[in-house]
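Chain residues, written in single-letter form:
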Amino acid sequence: MTDITSSTFVRRNLLTERPAPVKTTGFVGLMRTRLFNSPTNILLTIVGALLLWFTIIPSVRFLLVDAVWAGTDRTACLTENAGFVVGACWPYIQAKLPQLIYGFYPEAERWRVNLTLFLAAALLVPLLVPRLPSKGLNAGLFFFAFPVVAFFLLHGGGISGFGLSWTAGILQLFDDSIIGAGQVLLNLSKTSAMAPLLWVIGNLVVLVGTAIYWLIFPLTSLRDQLQGTGQSVWADFAITAVIVSLIAFVLGGGVRTGWRALASSFATFVAIAIVIKLMGLDHGGLPIVQTGLWGGLLVTLVVSVTGIVTSLPIGIALALGRRSTIPLIRIFSIAFIEFWRGVPLITVLFFATYMLPLFLPGNFTVDGLVRALVGIALFTGAYQAENVRGGLAAIPRGQGEAAAALGLSWWKTTSLIVLPQALRHVIPNLVNSFISLFKDTSLVSIVALFDLLGSLRASFSDPKWSTPSTAFTGFAFAGIIYFLFCFGMSRYSLFVEHRLNAHRRT
Amino acid sequence: MSDPIVKISGLNKWYGEFHVLRDIDLEVKKGERIVICGPSGSGKSTLIRCINALEEFQEGEIVVDGIELGPNLKHVDAVRREVGMVFQSFNLFPHLTVLDNCTLAPIWVRNIPKRDAEATAMKFLERVKIPHQANKFPGQMSGGQQQRVAIARALTMNPKVMLFDEPTSALDPEMVKEVLDTMVDLAEEGMTMLVVTHEMGFAREVANRVVFMDAGQIIEANTPNEFFAAPQHARTKLFLSQILR
């Protein structure tokens, strides 16, 4: 024993390290300190172990151990042929994989789907990795150029005009509906009790419509002349390019500072021209594949990506509208949000698919997939609006006041100060809604769209693969696919949250 | 130093039925430093918030550097470009770095190229003595540092008038001094300042005039010497006796 009570002390032998009397590290330590350190924990550990035993073990047995991995039809997956109780029947998935991915998309055209998915990945991945440069161009390509290219790739078809024709067409449609409304009023005036009033209003409306007709006449006649020439698309394209570039040049500041805008406008049109030429859009484009033939994972991805990309702006606009000081905007936003939140998605899809065509004029049809897309986007948009509103409410009033005091307008305050903070607050909620949207896309199968789950269920009826475990295998496979996408979104959102909230870590 | 840069005449404001500002007349000359004090709820913050139209008012007129601000709040943007403001709770933008806080308005309101805006911002951050913190986020700084950043942020817009709404009330006692020192420096450079504060030492040292408000009206206005040595109104005497105890 060293005498440490004496005033001077010099250690003669350095003490060697020795193991702790009770092990607190490693596996044994973990057991002692975390799993079996109290009666409650012992009980919980046992219950947990049992739960794992009864879930993990059977899953692994079903998916891997007892699974059949090779075969050409159902016989391989029957217990009497395999010699054991068969778990997952993977050859069935292998055989049905094209159907699960493409649906009834014609086999010869499936490269178009592959190319679209490849383009999507090639544009999306760099967008998601923060370190990579030129986010603005990347986002522009993904959110604006890609949807158009994807449409012509997946759906096919060409264009018969460009900006000028489209503008003329929209204006003409608008004008036609005005004149049409006027004529309806005139017809009513023949039978109604308020005949003189209706007659006056009807004539006025028709007059306005006719005035607009002559106002847009130069545009429509130019369009008709262009259609007469052999090169209508390119002529229209050139005119549109010149007009848009000129506008960009003037808005960009004219001779002094407008050159940049002119250059980017020019570059954009060159890119569009290349796309039109490459895809042959000026003479019919790719063969048309009706959306009724689309199916499987393709439909799931089209519906969910479109829903995700469009619902967020809708939600932001509605959330801002709900806080607007202008009564009309506020009331509209509230009514819109409450309507969509009060209706089940299934009802929305049913309505869009089966009821809407009854209300629309006879010659006016909207593609079934598009109807479902719009329904889902608006439905999710209403939910996102409430999520965003939660974030907006968390921003102190002083933020807006400070921005206003610096002279920032409402739009700049909102887009630079309020929204960036509000959206960061609600990333978990937003992604929650995205994940729920992704899974809700499976509901489109009830309106005759064959998404991943729909295609899967359709494949169950194939007698060639009818075995006791077919359905279980299929659902397990679909579950794994859905889980991978949802888990991926979840993890990425955590990453984004962590990164964007750098300012909250001190 | 003779023409008024801020001229408030006949200003009346109501919150619903509550008459919060009553017949305020006040002229501020270029380069003048005015301290506004008074009990809480006397309308002093509301008054200076009217000057850059953060509050609307129902009667009267405010003219800032020749720009007229009436009850319909026309010319709000023009006035706000002339007037800088510092808040009690700093109101820095927490998601932006200190430097970005200071360059945001010059870039987006005045369309100044980013590089120039950053150079200007660094100049003002040096003036408030925190250039080395430029890349930190506001949440990583002390209250006194945040308030000095807020002053620098307001200065980057080259305002002709600076409004301070109780700039030291939310600070620990130790940090009050660093903010007051910054404000004294600013005053010595000739900035026109309207300061709502209870820091009577600052008022004595810096102010040209002290304005005492109660119940939405100006009770007394005088030079600091006269104001503290010989208050005229009974309400002023009571207030001073309580605050200077």
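All residue numbers refer to position in the chain's written sequence, counted from 1. Here the convention is simple: chains get letters from A, ligands get numbers from 1, in the order in which they are written. Under the rules for a predicted model, residues below a pLDDT of 70 receive no local features and side-chain atom pairs below 80 are neither given nor counted, while totals for whole chains, interfaces and linings still include all residues. To get the side-chain values, take all heavy atoms of the structure and skip hydrogens and water.

Named according to an unreviewed UniProt entry, chain B is Amino acid ABC transporter ATP-binding protein originating from Bradyrhizobium forestalis. The record in UniProt for chain B states the following under Function (unreviewed entry): "Involved in beta-(1-->2)glucan export. Transmembrane domains (TMD) form a pore in the inner membrane and the ATP-binding domain (NBD) is responsible for energy generation." Annotation of chain B in UniProt includes, under Sequence similarities (unreviewed entry), the sentence "Belongs to the ABC transporter superfamily." UniProt positions are given in the numbering used here, feature names are shortened, and annotations may be inferred rather than shown by experiment.

Going by what an unreviewed UniProt entry lists, chain A is known as Amino acid ABC transporter permease and is assigned to Bradyrhizobium niftali. The annotation that UniProt attaches to chain A under Sequence similarities (unreviewed entry) is "Belongs to the binding-protein-dependent transport system permease family. HisMQ subfamily."

A. Quick peek at the overall build of chain B. Only DSSP runs of H or I with at least four residues qualify as helices, and only runs of E with at least two residues qualify as strands; both kinds are numbered from the N terminus onward. Counting its regular elements, chain B contains 9 helices and 10 strands. In this treatment the radius of gyration is a C-alpha quantity, and the globule benchmark scales as 2.2 Å times the residue count to the 0.38 power. A compact globule built from 245 residues would reach a C-alpha radius of gyration of about 18 Å, and chain B, at 18 Å, matches this within 12%. Counting only C-alpha atoms, chain B reaches 55 × 40 × 35 Å along its principal axes. Buried positions account for 55% of the 245 residues belonging to chain B. Only protein chains enter the accessibility calculation, which uses a 1.4 Å probe; a residue is then buried when its area is under 20% of its type maximum, exposed when over 50%, and partly exposed in between.

B. Highlighting the state of the cysteines. All names here are of chain A. Note that a disulfide, as used here, is simply two cysteine sulfur atoms within 2.5 Å. Scanning the model with the defined rule gives 1 disulfide over all chains in all. Paired by a disulfide, Cys77 and Cys89 hold their sulfur atoms 1.9 Å apart. Taking the sign of the S-S torsion, 75 degrees for the link of Cys77 and Cys89, the bridge is right-handed. Taken together, the positions of Cys77 in the loop between helix H2 (39-65) and helix H3 (79-82) and Cys89 in the loop between H3 and helix H4 (90-102) put the pair 12 residues apart, joining distant regions of the chain.

C. Fine view of the domain arrangement of chain A. A domain assignment, automatic or from a database, supplies the domain bounds used here. Here chain A is described as being made up of domain 1 (26-82), domain 2 (94-105 + 291-504) and domain 3 (163-283). The gap between the C-alpha centroids of domain 2 of chain A and domain 3 of chain A is 32 Å.

D. Structural context of the interface of chain A and chain B. We call two residues in contact when some of their heavy atoms are within 4.5 Å. If you look at the interface, chain A gives 21 residues, while chain B gives 22 residues. As a working definition, buried area equals the accessible area (1.4 Å probe) given up by two parts on being put together, with both sides summed. Across the interface of chain A and chain B, roughly 1,900 Å² is buried in total on both sides, 66% from carbon and sulfur atoms. The largest per-residue losses of area from chain A upon contact with chain B belong to Ala405, Leu406 and His503 of chain A, which jointly make up 31% of the total buried on that side. Salt bridges are defined by distance alone: a side-chain nitrogen of Lys or Arg within 4 Å of a carboxyl oxygen of Asp or Glu. Here chain A is connected to chain B by 1 salt bridge.

E. Just the packing of aromatic side chains, in detail. Only centres within 6.5 Å qualify two rings of Phe, Tyr or Trp (six-membered ring in Trp) as a pair; their planes then separate them into stacked at under 30 degrees, edge-to-face at over 60, and tilted for everything else. All chains considered together, the criterion is met by 23 aromatic pairs over all chains. With a centroid separation of 5.2 Å and 80 degrees between ring planes, the pair formed by Phe142 of chain A and Phe143 of chain A is classed as edge-to-face. With a centroid separation of 5.3 Å and 80 degrees between ring planes, the pair formed by Tyr213 of chain A and Trp214 of chain A is classed as edge-to-face. One aromatic cluster is present, formed by Phe332, Phe336, Phe339 and Trp340 of chain A through successive ring pairs. Note on geometry: a ring has a charge over it if NZ (lysine) or CZ (arginine) is within 6 Å of the ring centre and within 35 degrees of the ring normal. Between Arg153 of chain B and the ring centre of Phe93 of chain B, over which it is positioned, the NZ or CZ distance is 4.5 Å. If you follow Arg204 of chain B out to its NZ or CZ, it ends over the ring of Phe228 of chain B, 4.4 Å from the centre.

F. Quick peek at unusual backbone geometry. Residue and element names in this part refer to chain B. Phi is positive for Ala53, close to 65 degrees, though the residue is something other than glycine. Along the chain, the position of Ala53 falls in the loop between helix H1 (44-51) and strand S4 (59-64). The phi angle at Asn91 is positive, at roughly 55 degrees, despite the residue not being glycine. With respect to the secondary-structure elements, Asn91 resides in the loop between strand S6 (83-86) and helix H3 (98-108). On the basis of relative accessibility, which here comes to 9%, the residue Asn91 falls in the buried class.

G. Broad picture of the sheet that holds strand S7 (residues 161-165) of chain B. Residues and elements named next belong to chain B. The strand order S6-S7-S8-S3-S9-S10 describes an open sheet built from 6 strands, whose pairing is mixed. In this open sheet, the two edge strands, each paired with only one partner strand, are S6 and strand S10 (217-222). When the angles between neighbouring strand axes are averaged without regard to direction, this sheet yields 20 degrees. Note on pairing: two strands pair once DSSP finds at least 2 bridges between them. Pairing analysis gives 4 bridges linking strand S3 (residues 33-37) to strand S8 (residues 192-196), with the strands arranged parallel. For every element, the axis is a line fit to its C-alpha atoms; helices are fit only across the contacting stretch, and the angle between N-to-C directions ranges from 0 to 180 degrees.

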